[in-house]
Amino acid sequence: MMPSLKDARKRSSKQVLIKDHAYKLTDIQKQLGVNKKFFIKTYGCQMNEHDSENIKAILEDMSFEQTDDYMNADLILLNTCSIRENANNKVFGFLGRIKNLKEKKPNLIIGLCGCMVQEEVVINKILDKYKWLDLVFGTHNIHELPQVLEKTIKDKTLQIEVMSIEGDIIENVPVKRDSKYKAWINIMYGCDKFCTYCIVPYTRGKQRSRKPEYILNEVKELIKEGYQEVTLLGQNVNAYGKDLNINYGLENLLEDVAKTKIPRIRFVTSHPWDFTDNMIKIIAKYDNIMPHIHLPLQSGSSEILKKMGRRYTKEQYIDLFTKIKQAMPYSSITTDIIVGFPNETEEDFKETLDVVEKCKFDSAFTFIFSKREGTPAAKMEDKISIDEKNKRLQKLNTLVNKYSKLANDSYLNKVVPVLIEGYSEKNNQYLMGYTDTMKLVNVKGNVTDIGKIVNVKITDVKTWSMDGEVVE
Ligand code: SF4
């Protein structure tokens, strides 16, 4: 089955189906991975990270064993991202590097999945230049991996299973979580916002919220397993529930999850347009809803925001930011900013710098606009040179970094709660974890602190991290 952007754009009033038993394995499929290893590389956002946790569990149900060394693998899967051109290039670069492995190991299976393969241009490129791949499956087909893989092994021909549909909700897909302490929970899939630069509504389908009872049961199971933190995931979590028609939104879900007493609750990603006063009230009310909000700005120019289809103005964004800060002065607010949207003027760019000056974000992911084929913005005329866009990005980054460091400075000598996740990757003399406000801290502590929320005194601050030591 091949993808079609035209079909992926469609939205109907068709009822979303909740499929509790769509994931099934035959006895043959359960044995396909005996004595075989798989390697998976994940690109992109937390949704993809979580999809990879599902894929890992499915492969283990099929008796595959995971390896961190792709040279050693019988199956290599790349779970791809299509948010920017650069993400696509990275995947094709990696494929170029591993192609010769197939000559040495003829039975090696190499496959692609994730958002990128939902794009027609990518599938056409695969059929033209990467026919040596073995399998390709889309974001709506993860639960069908056993069937696709069985066919790949049997037929020894490239299998492409990519549906361009609005999507259903598949409830019984297994999961092998990367962490024993913090867990991702999908609360919704897809997006109906259709921001003009964004490919996600095409690659992930229509907005489909999971029913609250499924989410709450998942949280309760995680509490029993000793999890300390859950992150509620969706492309636009503030719109959660709008499609359920039960008068139950993110504020209700946050409150119900808070009442389970799980120690930490986070949620990403927010869209300013759907952020209500009630949500702010609930976030401020419960200590176990973390005081960190990722609030994508994208541009500070109301004119550009209109062209982006973001449905808020510069002033509305600043109002919302101010309301959140007034309700939770201690909270940290981070953001995403795109520079160089088609025909962004110097004045437009200055408006963005102005919002950064006013909001003093704790940190920001900043990007140069990347044309995604099939989206309205890809067709917009653009006279701004890449050199100019690069200059703007550098200028923006200098300002963003200044405020990140200033925000971190305010933590010096303070004692803050940190969930210790394990050893620091950079220096294994240190442990690492995140504060309630989502600041990365390298911590002098004891191995017995791993998996616990401990009080840490901040002893040094940098732009992107801090150092600290556990105190009683
Ligand atoms: S709300 Fe987010 S995911 Fe949805 S279209 Fe806009 S940028 Fe893309």
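Source: prediction; values computed, not measured. (Residues numbered from 1 in each chain as written. Predicted model: local features only at pLDDT ≥ 70, side-chain atom pairs only at ≥ 80, totals over all residues. Heavy atoms only, no water.)

### A look at the environment of Ile 28
Thought 1: Within the secondary structure, Ile 28 is located in helix H2 (residues 27-31).
Thought 2: Sequence separation between Ile 28 and Glu 150 is 122 residues; the distance between their C-alpha atoms is 8.6 Å. (Helix = DSSP H or I, 4+ residues; strand = E, 2+ residues; numbered from the N terminus.)

### Some points on the pairing of strand S13 (residues 264-268)
Thought 1: Here S13 lies mainly inside the structure; 5 of its 5 residues are buried.
Thought 2: Alternating residues of S13 divide into Arg 264, Arg 266 and Val 268 and Ile 265 and Phe 267, and every residue in both groups is buried.
Thought 3: As paired strands, strand S12 (residues 229-233) and S13 are joined by 5 bridges and run parallel to one another. Paired with Leu 233 across the bridge in S13 is Val 268. (Buried < 20%, exposed > 50% of the residue type's maximum accessible area, 1.4 Å probe, protein only. Pairing = 2+ DSSP bridges.)

### What about the packing of helix H12 (residues 314-327) against helix H13 (residues 346-359)?
Thought 1: One can describe the packing of H12 onto H13 by two numbers: an axis separation of 11 Å at closest approach and a directional angle of 15 degrees. With respect to their mutual orientation, H12 and H13 come out roughly parallel. As for how H12 packs across H13, the hand of that crossing is right-handed. In contact with Lys 314, Tyr 317, Ile 318 and Phe 321 of H12, H13 contributes Glu 351, Asp 354, Val 355, Lys 358 and Cys 359. (Axes fitted to C-alpha atoms, helices over the stretch in contact; angles between N-to-C directions. Parallel < 35°, antiparallel > 145°, perpendicular 65-115°, else oblique. Left-handed = near helix turned anticlockwise from the far one by under 90°. Contact = heavy atoms within 4.5 Å.)

### A few points about the sheet that holds strand S5 (residues 109-114)
Thought 1: Strands sit in the order S3-S2-S4-S5-S6-S7 across an open sheet of 6 strands; the sheet is parallel. Of all strands in the sheet, those bounded by a partner on one side alone are strand S3 (65-66) and strand S7 (159-161).
Thought 2: Relative to S3, strand S2 (residues 37-42) is paired through 2 bridges, and the arrangement is parallel. Paired with Phe 38 across the strands is Gln 66, a residue of S3.

### Re the packing of aromatic side chains
Thought 1: Within this structure, the stated rule accounts for 11 aromatic pairs.
Thought 2: With a centroid separation of 5.6 Å and 85 degrees between ring planes, the pair formed by Phe 194 and Tyr 202 is classed as edge-to-face.
Thought 3: The class of Phe 194 is partly exposed, set by a relative accessible area of 24%.
Thought 4: Ring-pair connections join several aromatic residues into one group, and the members of that group are Tyr 312, Tyr 317, Phe 321 and Phe 361.
Thought 5: Of note, Arg 84 hangs over the ring of Phe 367, and the distance from its end group to the ring centre comes to 3.5 Å. (Phe/Tyr/Trp six-rings, centres within 6.5 Å; stacked < 30°, edge-to-face > 60°. Lys NZ or Arg CZ within 6 Å of the ring centre and 35° of its normal.)

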